[in-house]
Each structure stands twice: as C-alpha cells, then as structure tokens.
Amino acid sequence: MSTELPRVTTPEPWSRPAGADRPLRVALLSYRSKPHCGGQGIYLRHLSRELAALGHHVEVFSGQPYPELEPGPLLRTLPSLDLYRDPDPFRTPRPGEYRDWIDALEVAAMWTGAFPEPLTFSLRALRALRGRRGDFDIVHDNQVLAYGMLGITRLGLPLVTSIHHPISVDRRIELAAARGLSRLSKRRWSGRCSPAPSPPATTSAATSGWPATRCT
C-alpha cells in the first residue's frame, strides 16, 4: 500500500502591487450571518474586527439574519425576503413585499424546493458593488459561491472566497443516504453545488485538499 501523501496544489504567491502599503478597502460578503450559531456570522464578526484592527477599511454586506459587528467595520444590509426566518420558515410573502425580479426569483426557487439565498444575495451584491467598483481594493466572498460572484470579477474587482466546509462532499454523502422521494428533494435543495475542475476565484479548497466546488 502506498504511503505517499496526496498532492495539494498551492496557489501562486500573491504579489503586492506597487504603492499598496496603504490600508486596504475590503468588502466582506455573506448571504446570511446569524450572530450566535451556524458559524458564518461568528466568523464574519471576528474577521471584520481583526481586519479593522490592522487598519483596513471594512464594509460587511449581508442579508438576514444580520451579523453583530464590533465597532469599526460598517454593515451594509442587502435585505432578502427572509423566507427562512425563525418565526415562520418557508413563509409566503405578501404581494406588497415584492420589490423586483430578484425577489420573485427567490420565492419561485423556494416553492420548487431549491435554496435560493446564495444566488439571490449574489445578484443583490453585484448590483450594490457595480456602482462602487472604485471604493474597494478586494472583495471577500464568505461562502456565497453563486453566479453574481462571477459578475463581481468582471467589474475588475479582485475576489477571494472562503469555503468553510466541502459543500460538494456534503451533497454526495447526503444523497447517498437518501431514499425515494427524499432523494429527489435533497438533490433539488443541494443542486446549486457540483464538483468543478477549478473554482472561479481563489478559495480555501485550493489549499485544503478538498475538491473544488462550483455553485450556481
């Protein structure tokens, strides 16, 4: 039996551009940031605090539930329809709550068994950053992993993505354990993720040894 360790691809070292000794202007993106459980909101709170303590300008863009940030970082809310809020998850919005086509897409995806928050947040984030492309030096995607992130790179903004767990591996294990109609519903719910030959941005998958993930 071979004892050779699996080869891990390491990304090329990042070169600091000339004149970049100044503090960075960082946009942190998170489609949901629950402050007390789940991990993403807690990670966002600590990361934004430490970046600000280093002297960087940090703006956090988040959908509901919003994070509880330390003094320093700024919160920019990108409200969703909050379809999974604690008092009434999988709720049906009132007609007056719809603001645009992204809201309609969010509800339609939920009604057909998908989890729309990453996709619809990414579209809202792209819209918010399109008019502010000159305000940031880098965008940090906190596991949004959706189509709008590709649009952000096309704006000319550098994008880095944190993947907190191997989503495509989670999906494979869950589908393997499911049976009957449950398998169909789980495939639809987790259908935004599939193995990909390479991610669209620099991700932690590149250094963790986990397979890259494409999410839509």
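Because the structure is a prediction, the values reported are computed rather than measured.

**A closer look at the pairing of strand β1 (residues 25–30)**
Step number 1: Judged by how many residues are buried, β1 sits mostly within the fold: five of six residues are covered.
Step number 2: Relative to strand β2 (residues 57–62), β1 runs parallel, the two being bridged by six bridges. Its bridge partner lying in β2, Leu29 is registered against Phe61.
Step number 3: Chirality of the crossover, the property in question, places the unit of β1, helix α1 (residues 40–53) and β2 among those that are right-handed.
Step number 4: Relative to strand β4 (residues 138–142), β1 is paired through four bridges, and the arrangement is parallel. Bridge assignment links Val26 to a residue of β4, and that residue is Ile138.

**Overview of helix α3 (residues 117–130)**
Step number 1: Its 14 residues place the ends of α3 20 Å apart at the C-alpha level, agreeing with the 20 Å of an ideal helix rising 1.5 Å per residue.
Step number 2: Among the residues of α3, those classed as buried are Glu117, Pro118, Thr120, Phe121, Ser122, Leu123, Arg124, Ala125, Leu126 and Leu129.
Step number 3: Looking at the buried positions of α3, the neighbouring elements they touch are β1, β2, α2 (101–111), β4 and α4 (147–154).

**Re the packing of aromatic side chains**
Step number 1: Applying the stated rule across the entire model yields four aromatic pairs.
Step number 2: A centroid spacing of 6.1 Å and a plane angle of 70° characterise the contact between Tyr31 and Phe115, whose relative ring orientation is edge-to-face. Remark: Phe115 occurs in the loop between α2 and α3 and Tyr31 occurs in the loop between β1 and α1; sequence separation between them is 84 residues.
Step number 3: Here Tyr31 falls in the buried class, since its relative accessible area comes to 10%.

**Things to note about the nonpolar core**
Step number 1: One finds Leu29, Phe61, Phe121, Leu129, Val139, Val144 and Ile152 to be the most contacted residues of the largest nonpolar core, which totals 24 residues.
Step number 2: Going through the elements one at a time, β1, α2, α3 and α4 are the ones with two or more residues in this core.
Step number 3: Of the residues forming this core, the biggest block, four residues, is contributed by α3.

**Some remarks on the pairing of β2**
Step number 1: Judged by how many residues are buried, β2 sits mostly within the fold: five of six residues are covered.
Step number 2: Relative to strand β3 (residues 74–77), β2 runs parallel, the two sharing four bridges. When the bridges of β3 are listed, Val60 appears paired with Leu75.

**Remarks on the packing of α2 against α3**
Step number 1: Where α2 meets α3, the closest approach of the two axes is 9 Å, and the angle between their N-to-C directions is 170°. Judged on the interaxial angle alone, α3 and α2 are roughly antiparallel. Crossing geometry of α2 relative to α3 is assigned as right-handed. Residues Trp101, Ile102, Asp103, Leu105 and Glu106 of α2 lie in contact with α3, whose contacting residues are Leu119, Thr120, Leu123, Arg124 and Arg127.
Step number 2: Residues of the contact of α2 with α3, tallied by class, amount to five nonpolar, one polar and four charged.

**Examining the pattern of salt bridges**
Step number 1: Going through the model one piece at a time under the given rule, you end up with 17 salt bridges.
Step number 2: Linking Asp137 and Arg25 is a salt bridge whose minimum nitrogen-to-oxygen distance equals 3.0 Å. Remark: Arg25 occurs in strand β1 and Asp137 occurs in the loop between α3 and β4; sequence separation between them is 112 residues.
Step number 3: With relative accessibility at 29%, the residue Arg25 sits in the partly exposed group.
Step number 4: For Arg132, the salt bridge goes to Asp135, with nearest N and O atoms at 2.7 Å.
Step number 5: The partly exposed category is assigned to Arg132, whose relative accessible area is 22%.
Step number 6: Residue class for Asp135 comes out partly exposed when judged on its relative accessible area of 33%.
Step number 7: The structure contains a network of salt bridges with shared partners spanning Arg45, Arg49, Glu50 and Glu70.

Scoring rules and cut-offs
- Residues numbered from 1 in each chain as written.
- Predicted model: local features only at pLDDT ≥ 70, side-chain atom pairs only at ≥ 80, totals over all residues.
- Heavy atoms only, no water.
- Buried < 20%, exposed > 50% of the residue type's maximum accessible area, 1.4 Å probe, protein only.
- Helix = DSSP H or I, 4+ residues; strand = E, 2+ residues; numbered from the N terminus.
- Pairing = 2+ DSSP bridges.
- Right-handed = clockwise from strand over helix to strand, strands pointing away.
- Expected span 1.5 Å × (residues − 1).
- Contact = heavy atoms within 4.5 Å.
- Phe/Tyr/Trp six-rings, centres within 6.5 Å; stacked < 30°, edge-to-face > 60°.
- Core = buried A, V, L, I, M, F, W, Y, C linked by side-chain atoms within 4.5 Å.
- Axes fitted to C-alpha atoms, helices over the stretch in contact; angles between N-to-C directions.
- Parallel < 35°, antiparallel > 145°, perpendicular 65-115°, else oblique.
- Left-handed = near helix turned anticlockwise from the far one by under 90°.
- Nonpolar A, V, L, I, M, F, W, Y, C, P; charged D, E, K, R; others polar.
- Salt bridge = Lys/Arg side-chain N within 4 Å of Asp/Glu carboxyl O.

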